[in-house]
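Here is what each chain is made of, one letter per residue.
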Amino acid sequence: MDTTPSSCRKVPSPGHDGAVFYAVIPAGGSGTRLWPLSRAGHPKFLHALTGTPLSLLQATYGRLEALAAPETTFVVTGVAHAAAVARQLPSLPEGNILVEPTPRDSCAAIGLAAAVIARRDPHAVMGAFAADQLVRDVPAFTETLTKAIQGAEDGLLMTIGITPNHPETGYGYLHVGEPTGTGDVCKVAEFAEKPVLEVAKRYVDSGEYLWNAGMFVWRVDVFLDELARQQPALHEGLMRIAEAWNTREREEVLAELWPGLTKISVDFGVMEGAGRAGLVGTVPGNFGWNDVGDFHTLGELLETDTAGNVVVDLGLESSTRSKPTVLMQESERVVVVPHSGRLVAAVGVNDLIIVDTPDALLICPRARAQDVKKLVDSLKERGSIELL
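A quick note: this is a predicted structure, and the numbers were derived from the prediction, not measured. (Residues numbered from 1 in each chain as written. Predicted model: local features only at pLDDT ≥ 70, side-chain atom pairs only at ≥ 80, totals over all residues. Heavy atoms only, no water.)

Describing the UniProt feature "domain: Nucleotidyl transferase" (unreviewed entry) in the chain
Under the convention used in this document: UniProt positions are given in the numbering used here, feature names are shortened, and annotations may be inferred rather than shown by experiment. Note on conventions: DSSP H or I runs of at least 4 residues are helices, E runs of at least 2 residues are strands, and numbering of each starts at the N terminus.
The positions that UniProt labels "domain: Nucleotidyl transferase" (unreviewed entry) are, in the present scheme, residues 23–304. Strand forms 22% of residues 23–304 and helix 38%; the C-alpha atoms that close the span are 34 Å apart.

With respect to the pairing of strand β8 (residues 186–192)
So the rule is basically this: Pairs of strands are assigned from DSSP output, requiring at least two bridges between the strands.
As paired elements, strand β7 (residues 172–179) and β8 share five bridges and run antiparallel to each other. The residue of β8 that forms the bridge with Pro179 is Cys186. Hairpin remark: β7 followed by β8, antiparallel, with six residues in the connecting loop; positive phi at Gly181, about 95°. Here two bridges tie β8 to strand β10 (residues 280–285), and the two strands are oriented antiparallel to one another. Directly across from Lys187, in β10, lies its bridge partner Gly281.

Structural notes on the sheet that holds strand β12 (residues 310–311)
Spatial strand order, β12-β14-β16-β17: four strands in an open sheet with mixed pairing. With one partner strand each, in any of the chains shown, β12 and β17 (361–365) form the two edges of the open sheet. Of the pairings in the sheet, the one linking strand β16 (residues 352–356) to β17 comprises five bridges and is antiparallel in character. Bridging from a neighbouring strand, Val355 pairs with Leu362 of β17.

Some remarks on the pattern of salt bridges
For the record, the criterion: Basic side-chain nitrogens of Lys or Arg form a salt bridge, by our definition, when they fall within 4 Å of a carboxyl oxygen of Asp or Glu. Burial classes follow relative accessibility: with a 1.4 Å probe on protein chains only, a residue under 20% of its type's maximum area counts as buried, one over 50% as exposed, and anything between as partly exposed.
Tallied over the full model, the rule gives 15 salt bridges. Of the charged contacts in the structure, one is a salt bridge between Lys147 and Glu143, with a shortest N-O distance of 3.7 Å. Remark: Glu143 and Lys147 occur in helix α4 (residues 138–153); sequence separation between them is four residues, near one turn of the helix. Where Arg333 meets Glu332, a salt bridge forms, and the shortest distance between an N and an O atom there is 3.1 Å. On the accessibility criterion, Arg333 (33% relative accessible area) is partly exposed. The exposure class of Glu332 is partly exposed, given its relative accessible area of 37%. A cluster of three or more residues bridged by salt bridges with shared partners is formed by Glu143, Lys147 and Asp184.

Right, dumping it as structure tokens:
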């Protein structure tokens, strides 16, 4: 069934003006629902989790190459991850890794990239794509992104909405409004928070909603104007930082201003308010998207054996440890992540997650995969920093 909102299906599209496209990859967070594999020092975007040798970051970078050259691609990341990002992306210019002193959420990270790009190219079109998402159909993704760029060139703050194929309570939703007349672009009537199951069913059945994938495309001048309207203090700080970015004063200005920047997501800080003002557009995408949010999701994405079991291959060829062995008997729908080098054996168990690392072992039902974050919160409360 085609669940693309009926009001937002194909409209003949004019050409676009060919503005230079800049790709921005925010690479932050520690992936707490993938603990103990994902840690603050080596978060999930640096891991190969999807059955290929590429990390999630490398796959994100690779699928953007069709529209953005390395010179117009930026990664925004933390101090602890900058060296790993440079190693994993050797073709990315060193100056295109924008290092945050501390996490200040996505609005500061994406806003920093927009401000830096605007000083180079004031009318550039930029897209922001999280480093830890999976896209299976790259040509379809490229086609959808091209449509979003057209909407951005018309002055809209664009989102790429994912055509839902089931009621999902873990995602936010976009309520699709009227077509704009440019390609498949429609206005966004409303941002909807993560719903309970009955509401999610109603959204999907209505044919008027898309999943909010957190993929954004806009002209940098349009975004920065809206940032100034809604978050004037954050805008002012970012513009001052960008002005000093390529000077000797960068570190001094960062140290002075960055800790005081408003800590807020770009969804709450800009996009929801812009949506209420009629400034947000969307295009529907259907390209095998997933945000790889927890171990149960990995079990759904990866190839299983005849009993539905999944062993997550982390590409340990670069490790000094020998390849681990997994042995399962009379077990079904078990997700095993072997990362310690020792044998992991399971007998007579079903619907479990087993994650084995050198210093921590996780065992939980697949149905409780989202609750792994609670364990991380408990470790923080206990002060067990070495395990985070």
